Amino acid sequence: SNTETATDLTTLIWTTINTNTTWNTNQTFTNTNLVITNNATVTVDSIGKASGAGQITVTVTGHLLVDQGASISANAKGFPSRQGPGPGQFIPHWHTSASSGAGYGGQGGSASGTGGFASGGGVYGSLTQPTHLGSGGGDSGSSGGGALKLEVLGTLTLNGTISANGGTFSGLSA
């Protein structure tokens, strides 16, 4: 007979992450069920940002549970402000500066101020299957979102958060 037997995921090893952790390389959890709990945040921070090759791939051959209050975050782990394939612009002015949003799967938001008009960042990457790092916005400190590819062969139970948002500006621009 030519039948295949599925792996019994209940017999796999259980790995628990219950403190804040950083992944900066690809991760593979073989023969493992992975649980992220206790309000822990797993930060996905690529070391290949300068080249744009920053996607981190996480493979879990069993089940993945992200518990309530826990998270996997690539927030603000993309290109720094005003960098990347679709960066935002910053037009300084002593009274009101203009700072635009970065683009990715669509055009970034434009802005205007006393100093002029800042066009939104250009389009790149895929809107439906994003794999590239996000470009930085026009203001200092507004980094783009990171990139995470999550492969779960069992069941993903998401009671917490998985995110790769761009950063927000907070402070004064130079």
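Nothing here was measured: the structure is a model prediction, and the numbers come from that model.

Draft legend 1. Layout of the environment of Gly 145. Locating Gly 145 in the fold gives a position in the loop between strand E12 (116-118) and strand E13 (148-152). You can call Gly 145 buried: its relative accessible area is 7%. C-alpha separation for the pair Gly 145 and Gly 167, spaced 22 residues apart in sequence, amounts to 6.9 Å. Those residues in contact with Gly 145, other than ones at most four positions away along the chain, are Ala 74, Ala 76, Lys 77, Gly 78, Leu 133, Gly 134, Ala 164, Asn 165 and Gly 166.

Draft legend 2. Representation of the sheet that holds E13 within the structure. Ordered in space as E3-E6-E13, the three strands form an open sheet in which the pairing is parallel. Edge strands, defined here as strands with exactly one partner in the open sheet, are strand E3 (27-29) and E13. Within this sheet the neighbouring strands show an average axis-to-axis angle of 5°, counted without direction. In terms of strand pairing, strand E6 (residues 56-60) meets E13 through five bridges, oriented parallel. Bridge pairing in E13 links Ile 56 to Leu 148.

Draft legend 3. Quick peek at the pattern of salt bridges. According to the stated counting rule, one finds two salt bridges in the structure shown. In this structure, Asp 45 and Lys 77 form a salt bridge, with 3.9 Å as the shortest nitrogen-oxygen distance. One end of the pair, Asp 45, is in the loop between strand E5 (41-44) and E6; the other, Lys 77, is in the loop between strand E8 (71-73) and strand E9 (90-91), with 32 residues separating them in the sequence. For Lys 149, the salt bridge is made with Glu 151, and the minimal N-O distance between the two is 3.4 Å. Judged by its relative accessible area of 39%, Lys 149 is partly exposed.

Rules used in this analysis
Every chain's residues receive numbers from 1 upward, in the order its sequence appears when written. Owing to the predicted nature of the model, reporting of local features is limited to residues with pLDDT of at least 70; listing and counting of side-chain atom pairs is limited to 80 or more, with chain, interface and lining totals taken over all residues. Water and hydrogen atoms play no part in the side-chain values, which are based on all heavy atoms of the structure. A run of H or I in DSSP counts as a helix once it spans at least four residues, and a run of E counts as a strand once it spans at least two, with each numbered from the N terminus. Between buried and exposed lies partly exposed: a residue is buried under 20% and exposed over 50% of the maximum accessible area for its type, with that area taken using a 1.4 Å probe on protein chains only. Contact definition: two residues touch when any of their heavy atoms are within 4.5 Å. Here, strands pair whenever DSSP counts at least two bridges between them. To get an axis, a line is fitted to the C-alpha atoms, and for a helix only the part in contact is used. The angle between two axes follows their N-to-C directions and goes from 0 to 180 degrees. By salt bridge we mean one thing: a side-chain nitrogen of Lys or Arg within 4 Å of a carboxyl oxygen of Asp or Glu.

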